[in-house]
Amino acid sequence: QVQLQESGPGLVKPSQTLSLACSVSGGSITANYNYWSWIRQRPGKGLEWIGDISYNGNTRYNPFFKSRTVISRDTSKNQFILYLSTLTPEDTAVYYCAKVWGLSAYFQDWGQGKSVTYSP
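Residues numbered from 1 in each chain as written. Predicted model: local features only at pLDDT ≥ 70, side-chain atom pairs only at ≥ 80, totals over all residues. Heavy atoms only, no water.

Once that is clear, we can look at the sheet that holds strand 8 (residues 79-84). By way of backbone hydrogen bonds, the strands of a sheet pair with one another, either parallel or antiparallel. The strand order across the open sheet built from 4 strands is 1-3-8-7, with neighbouring strands paired in antiparallel fashion. Of all strands in the sheet, those with a lone pairing partner are strand 1 (3-7) and strand 7 (69-74), marking the two edges. Pairs of neighbouring strands in the sheet enclose a mean axial angle of 20 degrees, with direction left out of account. Relative to strand 3 (residues 18-25), strand 1 runs antiparallel, the two being bridged by 5 bridges. Each bridged residue has a counterpart across the sheet, and for Leu 4 the counterpart in strand 3 is Val 24. (Pairing = 2+ DSSP bridges. Helix = DSSP H or I, 4+ residues; strand = E, 2+ residues; numbered from the N terminus. Axes fitted to C-alpha atoms, helices over the stretch in contact; angles between N-to-C directions.)

On to the nonpolar core, then. In terms of nonpolar packing, the biggest core is built from 24 residues, with Leu 4, Leu 18, Val 24, Trp 36, Trp 38, Phe 80 and Tyr 95 touching the most fellow members. Of all elements in the fold, only strand 3, strand 4 (34-41), strand 5 (47-54), strand 8, strand 9 (93-101) and strand 11 (114-118) reach the threshold of two or more residues within this core. The greatest single-element share of this core, amounting to 4 residues, is contributed by strand 3. Filtering out sequence-adjacent residues up to four positions away, Val 24 remains in contact with Val 2, Gln 3, Leu 4, Ile 29, Trp 36, Asn 78 and Phe 80. (Core = buried A, V, L, I, M, F, W, Y, C linked by side-chain atoms within 4.5 Å. Buried < 20%, exposed > 50% of the residue type's maximum accessible area, 1.4 Å probe, protein only. Contact = heavy atoms within 4.5 Å.)

Time to look at the packing of aromatic side chains. Overall, the coordinates contain 7 aromatic pairs when judged by the stated rule. Through a chain of ring-to-ring contacts, three or more aromatic side chains come together here, namely Tyr 33, Tyr 35 and Tyr 55. (Phe/Tyr/Trp six-rings, centres within 6.5 Å; stacked < 30°, edge-to-face > 60°.)

Turning next to a nonpolar patch on the surface. Together, Tyr 33, Trp 101 and Leu 103 line one region of the surface with nonpolar side chains, adding up to about 330 Å² of accessible area. Positionally, Tyr 33 belongs in the loop between strand 3 and strand 4. A relative accessible area of 41% means that Tyr 33 is categorised as partly exposed. (Patch = residues over 30% accessible without salt bridge, like charges linked within 9 Å, V, L, I, M, F, W, Y side chains within 5 Å. Areas by Shrake-Rupley, 256 points an atom, 1.4 Å probe, with all protein chains shown as cover. Salt bridge = Lys/Arg side-chain N within 4 Å of Asp/Glu carboxyl O.)

By the secondary structure assignment, Ser 37 is in strand 4. Measuring from C-alpha to C-alpha, the distance between Ser 37 and Val 116 comes to 17 Å, with 79 residues separating the pair along the chain. Aside from chain neighbours lying at most four places away, what touches Ser 37 is Trp 49, Gly 51, Asp 52, Phe 80, Tyr 96, Cys 97, Ala 98, Val 100 and Phe 107. Side chain to side chain, Ser 37 and Trp 49 meet in a polar contact 3.3 Å long. (Polar contact = N/O pair within 3.5 Å; in protein donor to acceptor, adjacent residues only side chain to side chain.)

This part covers the pairing of strand 4. For strand 4, a buried count of 6 out of 8 residues is recorded, marking the element as mostly surrounded by other parts of the structure. Relative to strand 5, strand 4 runs antiparallel, the two being bridged by 7 bridges. From the neighbouring strand, Trp 36 faces strand 5, where its bridge partner is Ile 53. Connecting strand 4 to the antiparallel partner strand 5 that follows it, the hairpin turn spans 5 residues, and Gly 44 within it adopts a positive phi of roughly 75 degrees.

Further remarks concern the pattern of salt bridges. Within this structure, the stated rule accounts for 6 salt bridges. For Arg 40, the salt bridge is made with Asp 91, and the minimal N-O distance between the two is 2.7 Å. One end of the pair, Arg 40, is in strand 4; the other, Asp 91, is in the loop between strand 8 and strand 9, with 51 residues separating them in the sequence. Between Arg 42 and Glu 48 there is a salt bridge whose closest N-O contact spans 3.1 Å. A cluster of three or more residues bridged by salt bridges with shared partners is formed by Arg 40, Arg 42, Glu 48, Arg 68 and Asp 91.

Take a look at the structure:
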């Protein structure tokens, strides 16, 4: 089974860009039909899909985040990275990375989540 683990800062300030890495083990991020997603959950809110990067490096973004989000990858480290700029208090959330197999309709594997708190 694929395992994912988020890492990065737990506190961010308005001048900073959030940077989170998702380290993947048990499978390659370049394996066919795998899509590597970032999802978050704000306090008292539901899950929000931020975007993903595909096995061949293509990215897709939720239009809500598109203007301030970049997802990239480092295939040598088998990890993918979320960048989120222009932070506001509303970006306080638990951030998850997850895997989707492109021929399925659901997120198969999830990280434990990384709590990120906006701190003025």
